[in-house]
Amino acid sequence: MFLMSNNCKDSDSHSKPQVWSMTGKLTLYLTLSFFGLFIISSLILYLNLVVNLEREQNDFIDDEFVGLQSFLSVYHEDPRFLWDEILLERKEKKNPKYLVRVQDRQGNLLVESPRMEEDFPHKSFPLPSELSAAHTTGVKWKDNRGKSFVLKTVLIEDGSQEKRRYIVQMAYDVSPDESILANYRQMMAIALVLGIISSAIICIVIIRKGMHPLVEITESTQRISASRPHERVAAS
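Rules behind the numbers
- Residues numbered from 1 in each chain as written.
- Predicted model: local features only at pLDDT ≥ 70, side-chain atom pairs only at ≥ 80, totals over all residues.
- Heavy atoms only, no water.
- Phe/Tyr/Trp six-rings, centres within 6.5 Å; stacked < 30°, edge-to-face > 60°.
- Helix = DSSP H or I, 4+ residues; strand = E, 2+ residues; numbered from the N terminus.
- Buried < 20%, exposed > 50% of the residue type's maximum accessible area, 1.4 Å probe, protein only.
- Lys, Arg positive; Asp, Glu negative; His and termini not counted.
- Salt bridge = Lys/Arg side-chain N within 4 Å of Asp/Glu carboxyl O.
- Polar contact = N/O pair within 3.5 Å; in protein donor to acceptor, adjacent residues only side chain to side chain.
- Contact = heavy atoms within 4.5 Å.
- pLDDT = per-residue confidence, 0-100.
- Pairing = 2+ DSSP bridges.
- Core = buried A, V, L, I, M, F, W, Y, C linked by side-chain atoms within 4.5 Å.

Under the definition given, this model contains 4 aromatic pairs. Measuring from centroid to centroid gives 5.9 Å for Tyr-46 and Tyr-184, while their planes differ by 25°, and the two rings are stacked. You can see Tyr-46 sitting in helix H1 (residues 2-74) and its partner Tyr-184 sitting in helix H4 (residues 175-223), a full 138 residues away along the chain. According to the relative accessible area criterion, Tyr-46 is buried, its value standing at 16%. Taken together, the ring pairs connect Phe-60, Tyr-98 and Tyr-172 into an aromatic cluster.

Shown next, in the form of structure tokens:
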């Protein structure tokens, strides 16, 4: 009798760890599944934000190129109006959105925004493309202060009979967009941590509640023995 009771106690002690180890495995698997879903959904949203910001950046630069060509088509006889507009507008603003350099077709400098030469050398810009193909993505660049810019180069022509062409280089400040992406990455990391913690807690509560009938059945089964034939498995 004594040996049989000891065997029952040993079986009880072995059954509980098995049940709880199963609970732990289910919790781990479900938590990892939720983590994978969080990662995938967060990456999709992040990449979508990056694509939209880059599209807006390139659209803005293209619109400015079109505006410069429209200006030249009107003031092609005396383009100094455009040069003065470029210089004055950039000098009045401490942190202009974009900087411009204009050259003739032979590469001779006509006008450029202040700080253009020291921050954006000629070699940093891509090769010029036609204005009709200006929707292509620009080149990323960081100036001496670490600010991020998108660089693009296009060929534009004035409204003269000679159809004089100019090489226009533009550096567009995208550091505000970079700050948006950095903040989004931080918020995404915080959301991932909180999501994993909350999903783990929910999984533990649900799985333990779901496994509770199995624990009761296991304990009732282990109590059935030759010395206690009256024991029955509890109905769920």
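Continuing now.
Topologically, Asp-104 is positioned in strand S1 (residues 98-104). Notably, Asp-104 is buried but unbridged: the nearest opposite-charge side chain belongs to Arg-105, and the N-O separation is 8.3 Å. From its side chain, Asp-104 meets the backbone nitrogen of Asn-108 in a polar contact 2.7 Å long. Setting aside residues no more than four positions away along its own chain, Asp-104 makes contact with Leu-110, Arg-165, Tyr-166 and Ile-167.

We now examine the confidence of the model for the chain. On average, residues of the chain score 76 in pLDDT, and 70% of them are at 70 or above. Ignoring residues within four places in sequence, the model shows residues 1-16, a span with pLDDT below 50, making 13 contacts including any to other chains.

Taking burial as the measure, the 9 residues of strand S6 (residues 165-173) include 8 buried ones, the bulk of the element. Alignment of S1 against S6, held across 7 bridges, turns out to be antiparallel. Residue pairing across strands places Val-102 opposite Val-168, the latter belonging to S6. Strand direction decides the pairing type here: strand S5 (residues 148-157) and S6, joined by 9 bridges, are antiparallel. Bridge pairing in S6 links Val-154 to Val-168.

With that settled, the discussion passes to the nonpolar core. Residues Phe-65, Leu-68, Val-100, Ile-156, Val-168 and Met-170 are the most contacted members of the largest nonpolar core, which totals 16 residues. Only H1, S1, S5 and S6 provide two or more residues apiece to this core.

The next subject is the pairing of S5. With 9 of its 10 residues buried, S5 lies for the most part within the structure. As defined by bridge partners, strand S3 (residues 129-130) adjoins S5 across 2 bridges and the pair is classed as parallel. Bridge assignment links Glu-130 to a residue of S5, and that residue is Leu-155. Across 4 bridges, the pairing between strand S4 (residues 139-142) and S5 is antiparallel. Bridging across to S5, Trp-141 finds its partner in Phe-149.

Tracing the backbone shows Gly-107 in the loop between S1 and strand S2 (109-112). Between the C-alpha atom of Gly-107 and that of Ile-167, which follows or precedes it by 60 residues, the distance is 7.4 Å.

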